[in-house]
Each structure stands twice: as C-alpha cells, then as structure tokens.
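Architecture and fold: a report
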Amino acid sequence: GVMYNGDSDSDSGVVAEKKSVKKTWNNLFQSAVDSASAAAAASSSIPTLNEWIAIKGSTEGDVQISGKVTNHPTIDDGDAIVTSPLMDPSQAKERKIVSTSSGSRYRLGTP
C-alpha cells in the first residue's frame, strides 16, 4: 500500500505536523509574553489573591504574598496561601500581576 498512496499520506502528514508545531510554539510564546495585553487575555486563568499582605521571606530581600486565593487550578477558592518569593517585589501592588520564583503568577486583588 505504501507505493500506491504514499504521496498523499506523506503530504497530509507534513501539513498536520506543521500545524501542531505552530500551535505549540504559539502557546509557548504566549506564556512567555508578559505584556499587558497578554495578561489581559490570560486574566481568566491567573489565580487572584485578595486580602493579601506582603511578608518578608526567610531570605534577606525576599518578599512573599499571603492572601486568600480564588481561581486557582488546584486550591479551593478562599483558601489562604503564601506564595513563593516574588521575582520583582516592587510589583506587589493592587491589581498587578506578580510572578514568583517557582514560576507561578498571581493577580493581586484587594489588599
């Protein structure tokens, strides 16, 4: 069967492969972009911390956020959590999105 329809098979295979590679690349690119537009587009998937407070981490200069989380993939809404240390402590302001050293992102709601 390979000789008979090998051409059409390989063609469709290549097309499908290109599509999936492009999609993966787009997803990777999207997650790496940390611009306002990307943040807005991804806002529904970023957990929010409310009633939060910035606390000093165990290492000098570390800042962590303690607050009640909502919209978290694995933690129940309203549970109190403490994040990993922030990549940029100056971002710890209301309505900002912060990234932590473990790679998580949180939207800071009402302190």
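Check the entry above for the structure.
The structure reproduced in this document is the subject of the present report. For clarity, every value in this text was computed on a predicted model and none was experimentally measured. (Residues numbered from 1 in each chain as written. Predicted model: local features only at pLDDT ≥ 70, side-chain atom pairs only at ≥ 80, totals over all residues. Heavy atoms only, no water.)

The topology assignment puts serine 101 in the loop between strand S4 (97-99) and strand S5 (105-108). Spatially, the C-alpha atoms of serine 101 and methionine 87 are 5.6 Å apart, while their sequence positions differ by 14 residues. When neighbours within four sequence positions are excluded, serine 101 is seen to be in contact with Ser84, Pro85 and Met87. (Helix = DSSP H or I, 4+ residues; strand = E, 2+ residues; numbered from the N terminus. Contact = heavy atoms within 4.5 Å.)

Overall, mixed pairing links the five strands, which are arranged S3-S2-S1-S5-S4 in an open sheet. Unpaired on one side and paired on the other, strand S3 (79-82) and S4 mark the two borders of the sheet. The mean inter-strand angle of the sheet, taken between neighbouring strand axes irrespective of direction, is 35 degrees. Note: strand S1 (residues 48-56) against strand S2 (residues 63-70), seven bridges, orientation antiparallel. Residue pairing across strands places threonine 48 opposite threonine 70, the latter belonging to S2. (Pairing = 2+ DSSP bridges. Axes fitted to C-alpha atoms, helices over the stretch in contact; angles between N-to-C directions.)

Inspection of the secondary structure assignment puts threonine 100 in the loop between S4 and S5. Beyond its immediate sequence surroundings of up to four residues, threonine 100 is in contact with Thr83, Ser84, Pro85, Leu86, Met87 and Tyr106.

The tally for this structure, following the rule as stated, stands at one salt bridge. For glutamate 51, the salt bridge is made with lysine 68, and the minimal N-O distance between the two is 3.6 Å. Of this pair, glutamate 51 sits in strand S1 while lysine 68 sits in strand S2, and the two are 17 residues apart along the sequence. Its relative accessible area of 55% is what places glutamate 51 among the exposed residues. (Salt bridge = Lys/Arg side-chain N within 4 Å of Asp/Glu carboxyl O. Buried < 20%, exposed > 50% of the residue type's maximum accessible area, 1.4 Å probe, protein only.)

Leu49, Trp52, Val63, Ile65, Val69, Ile81, Leu86, Ala92, Val98, Tyr106 and Leu108 form the largest nonpolar core, which has eleven residues in total. Among the secondary structure elements, those contributing two or more residues to this core are S1, S2 and S5. No other element matches the three residues that S2 contributes to this core. Ignoring any residue separated from it by four or fewer positions in sequence, one finds leucine 49 in contact with Ile65, Gly67, Lys68, Val69, Ile81, Thr83, Tyr106, Arg107, Leu108, Gly109 and Thr110. (Core = buried A, V, L, I, M, F, W, Y, C linked by side-chain atoms within 4.5 Å.)

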